[in-house]
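This is what each chain is made of:
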Amino acid sequence: MKKTIAVLFAIASAAVFAGMNDVLVSFNSLYTPDTDKYADGTTVLDGEWYALVCIKDGKADIVDAASLAKDGRCPRYVFTIDESKLDACAGGVLGVYLLDTRDFSADPSGKKRTENLGENGYPVYNAMAATKGEMKRTGNFASATAGTSVSAGSYDLAAAGVKSPKVTSIDVSGDEVVVTVSDTVPFVGYTLESGDGAFNFMVLPGADTSNGNATGVITLKAPKKDGAQFFKVSSVK
């Protein structure tokens, strides 16, 4: 008989029973504490996908996924996984991740999710971010304690192949500093941080925030201050 693994989003006091041939993996919260965000700071769309992911040898492989998001959160849900899929993750770590499946080629405003599927049968995604603590299996039971909600800064952009933005020009002739940036992507929000030296950068009040776009080139503005200013482009957090 094949075993199954049940991954459950449930409140801490919930009682869950599994058969003798089942492996139970439970979470200790029903929702993330607040609304989950994409890497541009917007709230996840209804129907967005959450995935049970195996992280092993530096690679992320989806074990199972479902279109679940409602009102910015993941509702109660049970993944039922064949044990063979779990065995393939031996030596790795399981976690639940939010996928950004928005299709900016179909809708540049980011309000449409993709209909394209990858070889694994799950949607093609831009980037992923962990929604829960890591899970480790011990015998027939594993658990994870809820972490914070997914923020714009939670995404592993390097793993998604996102390049570091490049400053191509700076104009300080007016009342604002105007910076032209290349190598941006539509699903990430960018802003200017300012400092009076090589350290202690921060986003100034009034500084622009802008998504990247298909051309990769955007313009960002920030208030000009007296004296020397140093600027860097960063993704929103």
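My aim in this report is to walk through the structure given alongside it, one point at a time. (Residues numbered from 1 in each chain as written. Predicted model: local features only at pLDDT ≥ 70, side-chain atom pairs only at ≥ 80, totals over all residues. Heavy atoms only, no water.)

### Examining the overall build of the chain
And step 1. A tally of helices and strands in the chain yields one helix and 15 strands.
And step 2. Across the 237 residues that make up the chain, the buried fraction comes to 42%.
And step 3. A sequence separation of at least 24 residues applies to 61% of the contacts in the chain between residues at least 6 apart.
And step 4. In the form shown here, the chain has an accessible surface area of approximately 12500 Å², with 52% of it arising from carbon and sulfur atoms. (Helix = DSSP H or I, 4+ residues; strand = E, 2+ residues; numbered from the N terminus. Buried < 20%, exposed > 50% of the residue type's maximum accessible area, 1.4 Å probe, protein only. Contact = heavy atoms within 4.5 Å. Areas by Shrake-Rupley, 256 points an atom, 1.4 Å probe, with all protein chains shown as cover.)

### Here we look at the sheet that holds strand β7 (residues 127-130)
And step 1. The strand order β4-β3-β6-β7 describes an open sheet built from four strands, whose pairing is antiparallel. Edge positions in the sheet fall to β4 (59-67) and β7, since each of these pairs with one other strand and no more. Averaged over all pairs of adjacent strands, the angle between their axes in this sheet comes to 40 degrees, without regard to strand direction.
And step 2. Where strand β6 (residues 93-100) lies against β7, four bridges are found, and the strand directions are antiparallel. Looking across to β7, one finds that D100 is bridged to A127. (Pairing = 2+ DSSP bridges. Axes fitted to C-alpha atoms, helices over the stretch in contact; angles between N-to-C directions.)

### Focus on the nonpolar core
And step 1. Core analysis: the largest hydrophobic core is formed by 39 residues, its most contacted members being Y155, F187 and Y190.
And step 2. Of all elements in the fold, only β3 (49-56), β4, β5 (78-82), β6, β7, β11 (176-182), β12 (189-195) and β14 (218-223) reach the threshold of two or more residues within this core.
And step 3. In contact with F187, other than residues within four places in its own chain, are A39, D40, D100, R102, F104, N126, A127, L157 and V162.
And step 4. One finds W49, I62, L99 and Y122 within the second-largest nonpolar core, a separate group that totals nine residues. (Core = buried A, V, L, I, M, F, W, Y, C linked by side-chain atoms within 4.5 Å.)

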